[in-house]
Amino acid sequence: AVSNITCYCDIPVESLSRHTVKYGCFGLSFDRNMLIRYGARPVLYIPTCSDDHLSPYGSTLLKNIEAIFEGFMRHLYERERQEESEHRRTLCSIPGASQEAVDALHGLLLKDFLAYIKPYDSELSVDDVNYFYSEREWRRLGGLMFGMSDIQTVVVKAGYEQRLHEAIPGFRGRVVSM
């Protein structure tokens, strides 16, 4: 199964200029509390550096997480999947059988943990185009359905403000041009 993840950044408006160089000058802003109500949450950043292979952190931690998950898949998940489960667990209930527990752990690891890990090179300058930590990324499993009233701010390239108002005459939120 392929997960559908949408990504958001919690970037203050005064810090947008360095990010628009990388991503472009168009964007939408939503209220953080709305995103939280729909399940968005911050990613777990794992800093890496050139000499972290000598420690249990950074790149080594990422490799260890990957190896443990691969072991889980080989020795538990794939073995247990040979039998079909008759029971479907409900949210917050304790799995009633070993296969249910393995299936639940598989879903939890993929959707609630691994999908929210983001490595970043801690040795990069904050001005480097590949420096991601300052984006303060959030993710949500699945797409986000929203209406015009949910949009707080629209970021547009300088000179496009009038086109925005012509294209969306009823927009009452803030417009920021970059």
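Residues numbered from 1 in each chain as written. Predicted model: local features only at pLDDT ≥ 70, side-chain atom pairs only at ≥ 80, totals over all residues. Heavy atoms only, no water.

Student: Would you take a moment to explain the sheet that holds strand β2 (residues 27–30) for this structure?
Tutor: The strands that make up a sheet pair up through hydrogen bonds in the backbone, lying either parallel or antiparallel. Spatially, three strands are ordered β2-β7-β8 in an open sheet, and the strand pairing comes out mixed. The strands lining the two open edges of the sheet, one partner per strand, are β2 and β8 (174–177). Strand-to-strand twist of the sheet, defined as the mean angle between neighbouring strand axes without regard to direction, takes the value 20 degrees. (Pairing = 2+ DSSP bridges. Helix = DSSP H or I, 4+ residues; strand = E, 2+ residues; numbered from the N terminus. Axes fitted to C-alpha atoms, helices over the stretch in contact; angles between N-to-C directions.)

Student: Explanation requested: the nonpolar core in the structure shown.
Tutor: Formed by Y8, F30, M34, L35, A40, W138, L144, I151, V154, V156, L164 and F171, the largest nonpolar core amounts to 12 residues. Of all the elements in the fold, those that place two or more residues in this core are α2 (32–37) and β7 (151–156). No other element matches the three residues that β7 contributes to this core. The residues touching L164, leaving out its near neighbours within four places in the chain, are V154, V156 and V175. Core analysis: the next-biggest nonpolar cluster, separate from the first, contains six residues, F69, F72, M73 and Y77 among them. (Core = buried A, V, L, I, M, F, W, Y, C linked by side-chain atoms within 4.5 Å. Buried < 20%, exposed > 50% of the residue type's maximum accessible area, 1.4 Å probe, protein only. Contact = heavy atoms within 4.5 Å.)

Student: For this particular structure, what's the right way to read the packing of aromatic side chains?
Tutor: Remark: the centre distance and the inter-plane angle together describe each pair of aromatic rings, the angle taken between the planes. Applying the stated rule across the entire model yields eight aromatic pairs. Pairing F26 with Y160 gives two aromatic rings, centres 5.2 Å apart and planes at 85 degrees, and the pair type is edge-to-face. With F26 in the loop between α1 (16–23) and β2 and Y160 in the loop between β7 and α5 (161–167), this residue pair connects regions lying 134 residues apart in the sequence. Classification of Y160 by relative accessible area gives partly exposed; the value is 32%. Between Y120 and Y131, the aromatic rings sit 6.2 Å apart at their centres with planes inclined by 90 degrees, giving edge-to-face as the arrangement. Linking Y120 in strand β5 (residues 117–121) with Y131 in the loop between β5 and β6 (137–141), this pair joins segments that are 11 residues apart in sequence. Assessed through its relative accessible area of 11%, Y131 is described here as buried. Joined through ring pairs, the aromatic side chains of Y45, Y120, Y131 and Y133 make up one cluster. (Phe/Tyr/Trp six-rings, centres within 6.5 Å; stacked < 30°, edge-to-face > 60°.)

Student: Explanation requested: helix α4 (residues 98–113) in the structure shown.
Tutor: Because each turn of an α-helix spans 3.6 residues, side chains separated by three or four positions in sequence point in the same direction. For α4, with 16 residues, the first-to-last C-alpha span of 21 Å sits near the 22 Å given by 1.5 Å per residue. All of the buried residues in α4 are Q99, E100, V102, D103, H106, G107 and L109. (Expected span 1.5 Å × (residues − 1).)

Student: Help me out: how do you make sense of the pairing of β6 in this one?
Tutor: Regular strands have side chains that alternate between both faces of the sheet. Here β6 lies mainly inside the structure; four of its five residues are buried. Taken together, the five bridges between strand β1 (residues 5–9) and β6 define a ladder with antiparallel strand orientation. Within β6, the residue paired with Y8 across the bridge is W138. Examined bridge by bridge, strand β3 (residues 41–42) and β6 share two bridges and lie antiparallel to one another.

Student: Any chance you could explain the sheet that holds β1 here in plain terms?
Tutor: Strand order in the open sheet formed by three strands is β1-β6-β3, with antiparallel pairing between adjacent strands. At either end of the open sheet lies a strand with only one pairing partner, and these are β1 and β3.

Student: Just checking my understanding: could you explain unusual backbone geometry for this structure?
Tutor: One can expect most non-glycine residues to show negative phi and most peptide bonds to be in trans. Of note in this structure, C92 is not a glycine but carries a positive phi near 75 degrees. Among the structural elements, C92 can be located in the loop between α3 (58–80) and α4.

Student: I tried to follow the environment of D51 on my own but got confused; where do I start?
Tutor: One can find D51 in the loop between β4 (44–48) and α3. By relative accessible area, which is 48% here, D51 ends up partly exposed. Here the alpha-carbon distance between D51 and T90, two residues 39 residues apart in the chain, equals 44 Å.

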